[in-house]
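# A look at the structure
This is what each chain is made of:
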Amino acid sequence: MFDFLLKNKNNEIQSYMDMISVEIKKLKLSKLAIQKAVGMIAHAVAKSEFVVQRADGRAKDHVYWLLNIRPNPNETATDFWIDVIQRLLTSGECLVCSVAEKLYIVDAYTTDNAVMLPRIYRNVTIISNGETFRLDRNFRADEMIHLRAQNKKIRNYLENVLKMYNDTASAVAAAKKLAGTPKFTLDIPGQLPVIRTKDKDGNEKSLTIDEYKKGIKKLLESDDIEVLQNQNGMSIQQLKIETSTTSEDMVKLATEIFTECAMAFDIPKAVFLGEITEKADSTNEFITYAVGWVKELLEDSLNAKLVGEKDYLNGEKIWIDMSKFKHRDIIESAANLDKLRSIGFNFDEIRSTVGWEELNTDFSQERVITKNYTNDLGGEGSGTQNTDT
């Protein structure tokens, strides 16, 4: 049961335990990095506005209420869309169905493999605020908002993390087996060829090192209460296996893992690590590369299922306005907002852009264009024209 380890064997197990310790820390950091990446994208979408565009302009109707305020009686739109995006990015898909003019996330379902005809979804279980409910009806494909994430980089990264989990689980199982067999070290001063000790009768006798170790092993395996006596300065103690990784090693490891995760989700490193400065604002890149494809996927799916072909071709659509996601200081943005006014934006549109309520007055909806244009056609009218409308 007890194995007296030589120095090289001790180093081997020490390295093995270091490897397991590092792998466990890598898993924890990878899990944190994935949660952070998914959360950043999900919150970007949830904070944006789902705009319902009708033929006669923007509308704040029942569809707008479902998409932006309360999709079902037990969830807010913010919680709803965060859950949708998290499922989409981590599982590769997310289904949303409409029941009694409310939107619910589908937690489980079965479907057929139809190609030429719309698929039928059966055994549909919906989830809301952590509670599930089994529906007794079937759904056609055109009644389901089926979001699929075909992002190979994200899928490969998640598969690598899963493989790391499996490898570490096997290593931990082996470590448990090692832990079930206590290890001891025997310190022997000098180069003693033999050890002089006494038997039970008090008579002196000589033992080789191997004979002495076997005797101690037998003593340690015994269930009887015994007292170990030091012989000639020798000592025995249980081997303590501790990791040798330092806090500096963990900081470097965390930076490496966070950078790798950011690359997988197309999130700029500066944004992911919070290193944005006034001279290097990567928020626009984050929206363009990390959130843009999710936004387009949502818009296509919502237009296909909630708007329909006929109304979409007649000018109706649903689109996501991400202008409210990025924080704007109205004082710092005053000059740029003034330019919007000069090129035809009305006062209500500008107020809506910064998150203020619209006034809905004749003054606030009036369009005023103040711009200097140059007309130089045929050598005439080359002067500057100031147009105030």
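You'll find the structure just up there.
Overview of the structure. (Residues numbered from 1 in each chain as written. Predicted model: local features only at pLDDT ≥ 70, side-chain atom pairs only at ≥ 80, totals over all residues. Heavy atoms only, no water.)

### Considering the overall build of the protein chain
Helices and strands together make up the secondary structure of the protein chain, namely 11 helices and 16 strands. By residue count, 35% of the 389 residues in the protein chain fall in the buried class. Of all intrachain contacts in the protein chain linking residues separated by at least 6 positions in sequence, the fraction that spans at least 24 positions is 58%. Looking at the protein chain as shown, the accessible area adds up to about 24700 Å², and 51% of this sits on carbon and sulfur atoms. (Helix = DSSP H or I, 4+ residues; strand = E, 2+ residues; numbered from the N terminus. Buried < 20%, exposed > 50% of the residue type's maximum accessible area, 1.4 Å probe, protein only. Contact = heavy atoms within 4.5 Å. Areas by Shrake-Rupley, 256 points an atom, 1.4 Å probe, with all protein chains shown as cover.)

### A look at unusual backbone geometry
A negative phi angle is the norm for most residues apart from glycine, just as the trans form is the norm for most peptide bonds. One non-glycine residue, A100, lies in the positive phi region at around 55°. In this structure, A100 sits in the loop between β4 (93-99) and β5 (102-111).

### What to know about the environment of V161
You can see V161 is positioned in helix α4 (residues 152-179). Classification of V161 as buried rests on a relative accessible area of 6%. Sequence spacing of V161 and K26 is 135 residues, and the spatial spacing of their C-alpha atoms is 9.2 Å. Among residues more than four places away in sequence, those in contact with V161 are L27, S30 and I34.

### A closer look at the packing of aromatic side chains
The final tally for this structure, using the stated rule, is 4 aromatic pairs. Ring plane angle 55° and centroid distance 5.5 Å describe the contact between Y109 and Y121, whose orientation is recorded as tilted. Of this pair, Y109 sits in strand β5 while Y121 sits in strand β6 (residues 120-128), and the two are 12 residues apart along the sequence. By relative accessible area, which is 26% here, Y109 ends up partly exposed. Where F258 meets F272, the ring centres are 5.8 Å apart and the plane angle is 90°; that geometry is what we call edge-to-face. Here F258, found in helix α6 (residues 247-264), pairs with F272, found in helix α7 (residues 269-272); they are 14 residues apart in sequence, far enough to count as distant. Across the pair, F272 and F258 agree in class, each one buried. Put simply, the rings of F50, F80 and W81 touch in pairs and so form one group of aromatic residues. Just above the ring of F272 sits the side chain of K36; from NZ or CZ to the centre is 5.4 Å. (Phe/Tyr/Trp six-rings, centres within 6.5 Å; stacked < 30°, edge-to-face > 60°. Lys NZ or Arg CZ within 6 Å of the ring centre and 35° of its normal.)

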